[in-house]
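Geometric and topological summary
So the chains spell out like this:
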Amino acid sequence: MQTYTYQIIQNKSYNEILDLQNQIRDGLLHQGSPGRILMVEHQPCITFGRAEKGENLKHSFSWLEKRGFELAQINRGGKITYHGPGQLVMYPIVNMKDFSMGVKQFVCALEKVMLHVCQQYGVKAQRKDGFPGAWLNEQKKLGSVGIHVRKMVSMHGFSLNINPDLGHFDVMLPCGLDGVQMTSLAKETGADLDFKTSFERAKSAFEEVFSCKLTETE
């Protein structure tokens, strides 16, 4: 069974985490360093994937920055996404060959991790063909997936709404999908959820889906 380290990071800017992802991947690609899984709670941030040209943003950059949103143009697939407090974000920087997976299989596995976490909270989420993420029905979305792959090494990952401020999604058209309602596990369960518990649940879900062992590092 493969063993990987994971790291929990909170209260860092998005670009600091992005730089760390790139450092880990460069080490894996060029120096044979081991992969690492980052579990992150971001400060409020809007990220723009390769397919996003700004058409799904409802306000100007200056309007958003004045209200505390960080903005980041990144190399993952997909369009526009929000990250912020109360949202569990998981970035596996790993070689997909370790799991005998291609890109589609890897994305599907990340979706399964989210579904396993949802199940641990008593919420039965599902995949939606053609629309990566964790869904409750055709309109309600709990989580999103977006990755970038170089020489079979991944970065970026998924975001799952535990108890975020859902009003922050109103500044955009999430993932560029009209009619989608972003929701959270707190809203769907009506419970006051402890966010820190989500880290442990994501760890166990990742270990189960990817048949590996995770050990925490500083």
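So, here is what we can say about the structure in this document. Everything numeric in this text was worked out from a predicted model, so none of it was measured.

1. A short note on the pattern of salt bridges
For side chains bearing opposite charge, pairing can occur when the charged atoms are close. Per the stated rule, a full pass over the model turns up three salt bridges. Here R127 ties to E111 by a salt bridge, and the two come within 2.5 Å at their closest N and O atoms. A residue pair is termed long-range when its members are at least 10 positions apart, and R127 in the loop between α3 (103-120) and β7 (134-135) and E111 in helix α3 qualify at 16 residues. Among the residues examined, R127 registers a relative accessible area of 37% and is labelled partly exposed.

2. Quick word on the packing of aromatic side chains
Enumeration according to the criterion identifies eight aromatic pairs in this entry. Summarising the aromatic geometry, the rings of Y82 and F169 are spaced 5.0 Å apart at their centres and angled 70° between planes, so their arrangement reads as edge-to-face. Remark: F169 occurs in the loop between β9 (153-161) and β10 (181-182) and Y82 occurs in strand β5 (residues 80-83); sequence separation between them is 87 residues. Side by side, Y82 and F169 carry an identical accessibility label, which is buried.

3. Quick word on the environment of Q7
With respect to the helices, strands and loops of the structure, Q7 is situated in strand β1 (residues 2-10). Along the sequence, Q7 and F61 sit 54 residues apart, while their C-alpha atoms lie 31 Å from each other. Ignoring sequence-local partners within four residues, the contact set of Q7 consists of L20, R36, I37, L38, M39, T217 and E218. Side chain to side chain, Q7 and R36 meet in a polar contact 2.6 Å long.

4. Brief notes about the packing of α3 against helix α5 (residues 195-210)
Running from amino to carboxyl end, α3 crosses α5 at an angle of 135°, the nearest separation of the two axes being 9 Å. Regarding the angle of α3 to α5, the classification is oblique. In terms of crossing hand, the pair formed by α3 and α5 is right-handed. The segment α3 lies against α5, with F106, A109, L110, K112, V113, H116, V117 and Q120 engaging R201, A202, S204, A205, F206, E208, V209 and F210. Its residues assigned to classes, the contact of α3 with α5 comprises 10 nonpolar, three polar and three charged.

5. So, helix α1 (residues 14-31)
Its 18 residues give α1 an end-to-end C-alpha distance of 25 Å, which sits within 8% of 26 Å, the value for a rise of 1.5 Å per residue. Burial in α1 covers these residues: Y14, I17, L18, L20, Q21, I24, R25, G27 and L28. The positive-phi residue at the C-terminal boundary of α1 is G32, with phi of around 70°.

6. Observations concerning the sheet that holds β5
Within a sheet, adjacent strands bond to each other through the backbone by hydrogen bonds, running parallel or antiparallel. Taken in spatial order, the three strands make up an open sheet running β4-β3-β5, and their pairing is mixed. The open sheet terminates on both sides in strands that have one partner only, identified here as β4 (70-73) and β5. Within the sheet, the average angular offset between the axes of one strand and its neighbour, ignoring direction, is 20°. Two strands pair when backbone bridges link them, and strand β3 (residues 45-48) and β5 are joined in this way by four bridges, in the antiparallel orientation. Of the residues in β5, the one forming a bridge with I46 is Y82. Here α1 sits on the sheet in contact with β3, β4 and β5, set at roughly 35° to β4.

7. A word on the nonpolar core
In this structure, I37, L160, L185, F206 and F210 are the most contacted members of the largest nonpolar core, which totals 41 residues. Sort the elements by how many residues they give to this core and α3 lands first, with nine residues. Look past the residues within four positions of L185 in its chain and what remains in contact with it is C118, Y121, V123, L142, L160, N161, I162 and L193. Core analysis: the next-biggest nonpolar cluster, separate from the first, contains 17 residues, Y14, L28, A72 and I74 among them.

How each quantity is defined
Along each chain, numbering runs from 1 in the same order as the chain's sequence is written. Selection of residues for local features in this predicted model requires a pLDDT of at least 70, selection of side-chain atom pairs for listing and counting requires 80 or more, and totals for whole chains, interfaces and linings are taken over all residues. Water and hydrogen atoms were dropped before computing side-chain values, which therefore reflect all heavy atoms in the structure. Only one rule defines a salt bridge in this text: a Lys or Arg side-chain nitrogen within 4 Å of an Asp or Glu carboxyl oxygen. Segments assigned H or I by DSSP are reported as helices when at least four residues long, segments assigned E as strands when at least two residues long, and all are numbered from the N terminus. For the exposure calls, accessible area comes from a 1.4 Å probe over protein chains only, and a residue counts as buried if that area is under 20% of its type's maximum, exposed if over 50%, partly exposed in between. Think of it this way: a Phe, Tyr or Trp ring, Trp meaning its six-membered ring, pairs with another when their centres are within 6.5 Å, and the plane angle makes it stacked under 30 degrees, edge-to-face over 60, tilted otherwise. Here a residue-residue contact requires only that any non-hydrogen atoms of the pair lie within 4.5 Å. Polar contacts, as counted here, are pairs of nitrogen or oxygen atoms within 3.5 Å of one another; within protein the pair requires one atom able to donate a hydrogen and one able to accept it, and residues that are adjacent in sequence qualify only if both atoms are side-chain atoms. All axes here are fitted lines through C-alpha atoms, helices being fitted over the stretch that makes contact, and every angle between N-to-C directions spans 0 to 180 degrees. Orientation categories follow fixed angle ranges, with anything under 35 degrees roughly parallel, anything over 145 roughly antiparallel, 65 to 115 roughly perpendicular, and all other angles oblique. Left-handed describes a crossing in which the near helix is turned anticlockwise from the far one by less than a right angle; the clockwise case is right-handed. Three classes are used, and their members are as follows: Ala, Val, Leu, Ile, Met, Phe, Trp, Tyr, Cys and Pro are nonpolar, Asp, Glu, Lys and Arg are charged, and the others, Gly among them, are polar. Given a helix with a known number of residues, its expected span is that number minus one, times 1.5 Å. Note: two strands are recorded as paired if DSSP finds a minimum of 2 bridges between them. In these notes, a set of buried Ala, Val, Leu, Ile, Met, Phe, Trp, Tyr and Cys residues joined through side-chain atoms within 4.5 Å is what counts as a nonpolar core.

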